[in-house]
Amino acid sequence: MTIITNQPGLFGDGAVPDDAPTKKASGAAKIRPGALATSGGPTLRPPSAAHLSDEQVAELGRELDAIRDGILAKRGASDAAYIRRMIKIQRGLEIAGRAVLLVSKNKTAWVAGTTMLSLAKILENMELGHNILHGQWDWMRDPDIHSTTWEWDFVTPSRAWQNTHNDSHHRWTNVVGKDNDVGFNLLRMDENQPWTPYNLGNPLYNALLAPVFEWGIAIYDLELTEYKEGRKSKEALVKDLKALARKALTQFTKDYAATPAVAMLTGSGKQALYGTLTANAVRNLWAHAVIFCGHFPEGTDTFTEEMVEGETRGDWYVRQMIGSANISGSRFMHLMTGNLSHQIEHHLFPDLPSNRYAEIAPKVREICQRYGLIYTTGPIWKQVGSTWAKVCKLALPPRKA
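Owing to the predicted nature of the structure, the values given are computational and were not obtained by experimental measurement. (Residues numbered from 1 in each chain as written. Predicted model: local features only at pLDDT ≥ 70, side-chain atom pairs only at ≥ 80, totals over all residues. Heavy atoms only, no water.)

A word on helix α5 (residues 202-209). Residues of α5 that are buried: N202, Y205, N206 and L209. The buried residues of α5 occupy an angular sector of 95° when the element is viewed end-on, so they sit on one face. Residues of α5 that are exposed and angled more than 90 degrees away from the buried face: L204 and L208. Looking at the buried positions of α5, the neighbouring elements they touch are α6 (213-220), α9 (269-295) and α14 (380-393). (Buried < 20%, exposed > 50% of the residue type's maximum accessible area, 1.4 Å probe, protein only. Helix = DSSP H or I, 4+ residues; strand = E, 2+ residues; numbered from the N terminus. Arc of directions from axis to C-beta. Contact = heavy atoms within 4.5 Å.)

Here is the structure:
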């Protein structure tokens, strides 16, 4: 059996064949972790997709491939103009916000400056940083808008985040035991995760995490669990700690030293400090809400390792669709989520330009309906409520059968 070691839309358009799979005791070919089989199906299909045959899954995969190919064929000047416009808007908001905070002794000025800086940080984090670091704009070959050169306004270094997010989370989406984004090594977010008394604090941990979300992600990206279990060397951990220290110093200097120091010249130093603190907290609360709404509301599936053993390209697509959730809303809301309100489409095609997700969403939804798969979506208030309900529910020990 030939296997393909890249996921669709995740590791590029090409496929790298490998003709040396390991063998099960029975002599059947066993797919190595992270690889995609070219035929057949997983050892066990997820319950939500158990009604599908191998042939149906293969056809579903071809339909989604066609959607992806269609966007790649149309991708061009209008997309490049979009991302450059977003960068100008974001930088304009940040410059204006910081400038107003320099003279923010007046309450109205403080609210205006803090609001603009909050919007700028949300745009940079969600629509720019997240999507550029996914390689969505690498095709432009612009060194200033490239996944290998962009450093975002988030305390965790870009390279560390790309490792845990792009390489691990998108590869193992919602696979318990493989995808550490299921709870971020802090929360119990699936019934298959063993319960301990520590989990009683689930709601408290989540409430504390939200306003400092960037710091939680920075610690998570250090992969301390990997180090404790011997899968990460001490040298690698020290290297990552140094990178985080450098990035944290940069962020601290920009937000909590430079801006307030200049504002002291107008007697607005304290107001500027509170403004940057508030802007970061607002951005963190929003990012936390969007990320959790895309992965944990009622209706999203999680998976066992058995369910990904031997999965094909079509099965990988199925896992992304039933393991993710969308947020319905206005165009402005979609923009402020970095189009991660189309989380299902993003998980299917993480390297397609984010401005194209709204265009393909109806097609993806129709495919889900036709193949009998759940397409989870709802307004943000509903998704936030559903996520928090799960956080609280899983804080308690499982009921005995």
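Text resumes after the structure shown.
Overall, the coordinates contain 13 aromatic pairs when judged by the stated rule. Ring centres 5.3 Å apart and planes at 80° place the aromatic pair F184 and Y220 in the edge-to-face group. Linking F184 in the loop between α4 (158-169) and α5 with Y220 in helix α6, this pair joins segments that are 36 residues apart in sequence. Considered together, F184 and Y220 belong to a single accessibility category, that of buried residues. Here F292 and F296 contribute two aromatic rings whose centre-to-centre distance is 5.0 Å and whose plane-to-plane angle is 70°, an arrangement assigned as edge-to-face. (Phe/Tyr/Trp six-rings, centres within 6.5 Å; stacked < 30°, edge-to-face > 60°.)

To continue, consider the confidence of the model for the chain. With 91% of its residues at a pLDDT of at least 70, the chain reaches an overall mean of 90. Low pLDDT (under 50) marks residues 1-9, which in the prediction has 45 contacts with non-local residues, meaning those over four places away or in another chain. A low-confidence stretch, residues 11-33 stays under pLDDT 50, and its non-local contacts, those more than four residues away or across chains, total 46 contacts. (pLDDT = per-residue confidence, 0-100.)

Turning our attention to the pattern of salt bridges. Per the stated rule, a full pass over the model turns up 24 salt bridges. A salt bridge links R98 to E94; its shortest N-O distance comes to 3.1 Å. Taken as a pair, R98 and E94 lie in helix α2 (residues 77-101) at a separation of 4 residues, close to a single helical turn. The exposure classification of R98 matches that of E94, with both residues buried. For E151, the salt bridge is made with K247, and the minimal N-O distance between the two is 2.7 Å. Here K247 lies in helix α8 (residues 234-263) and E151 lies in the loop between α3 (107-133) and α4, a separation of 96 residues in the sequence. Classification of E151 by relative accessible area gives partly exposed; the value is 39%. K247 gets classed as buried once you look at its relative accessible area, which sits at 7%. (Salt bridge = Lys/Arg side-chain N within 4 Å of Asp/Glu carboxyl O.)

Our next topic: the side chain of H170. Mapped onto the elements, H170 comes out in the loop between α4 and α5. Engagement of the side chain of H170 in a polar contact is seen with the side chain of H134, the distance being 3.3 Å. (Polar contact = N/O pair within 3.5 Å; in protein donor to acceptor, adjacent residues only side chain to side chain.)

Turning our attention to the side chain of S118. Mapped onto the elements of the fold, S118 is located in helix α3. In this structure S118 comes out as buried when scored by relative accessible area, which is 7%. Discounting residues that sit within four places of it in the chain, S118 has contacts with A279 and V282.

The contact between helix α1 (residues 54-74) and helix α10 (residues 313-322) brings their axes to 8 Å, and the two run at 75°. Relative to α10, α1 is oriented roughly perpendicular. Across the interface between the two elements, V57, L60, G61, L64, D65 and R68 from α1 touch R313, G314, D315, Y317, V318 and M321 from α10. Classifying every residue of the contact of α1 with α10 by side-chain character gives 6 nonpolar, 2 polar and 4 charged. (Axes fitted to C-alpha atoms, helices over the stretch in contact; angles between N-to-C directions. Parallel < 35°, antiparallel > 145°, perpendicular 65-115°, else oblique. Nonpolar A, V, L, I, M, F, W, Y, C, P; charged D, E, K, R; others polar.)

On to the environment of W381, then. Note on placement: W381 falls in helix α14. Taking the relative accessible area as the measure of exposure, W381 reaches 66% and is therefore exposed. Sequence separation between W381 and R313 is 68 residues, and the spatial gap between their C-alpha atoms is 34 Å.

The next point concerns unusual backbone geometry. Look at R141: it is not a glycine, yet its phi comes out positive at around 55°. Summarising the element assignment, R141 is placed in the loop between α3 and α4. Its relative accessible area of 74% is what places R141 among the exposed residues.

Here we come to α2. Between its terminal C-alpha atoms α2 stretches 36 Å, which fits the 36 Å expected from 25 residues at 1.5 Å a residue. All of the buried residues in α2 are D79, A80, Y82, I83, M86, I87, Q90, L93, E94, G97, R98 and L101. Lining the buried residues of α2 we find α1, α3, α8, α9 and α11 (331-336). (Expected span 1.5 Å × (residues − 1).)

It is the contact of α2 with α8, at a shortest axis distance of 9 Å, that shows an interaxial angle of 50°. Classified by the interaxial angle, the pair formed by α2 and α8 is oblique. Along the contact surface, α2 presents E94, R98 and L101, while α8 presents K254, D255, T259 and A263. Here the contact of α2 with α8 is built from residues that sort into 2 nonpolar, 1 polar and 4 charged.

Applying the stated criterion across every chain yields a total of 0 disulfides. Among the cysteines around C368, which has no disulfide bond, C293 carries the closest sulfur, lying 19 Å off. Under the relative-accessibility criterion, C368 is labelled buried at 0%. Among the cysteines around C392, which has no disulfide bond, C293 carries the closest sulfur, lying 14 Å off. (Disulfide = S-S within 2.5 Å.)

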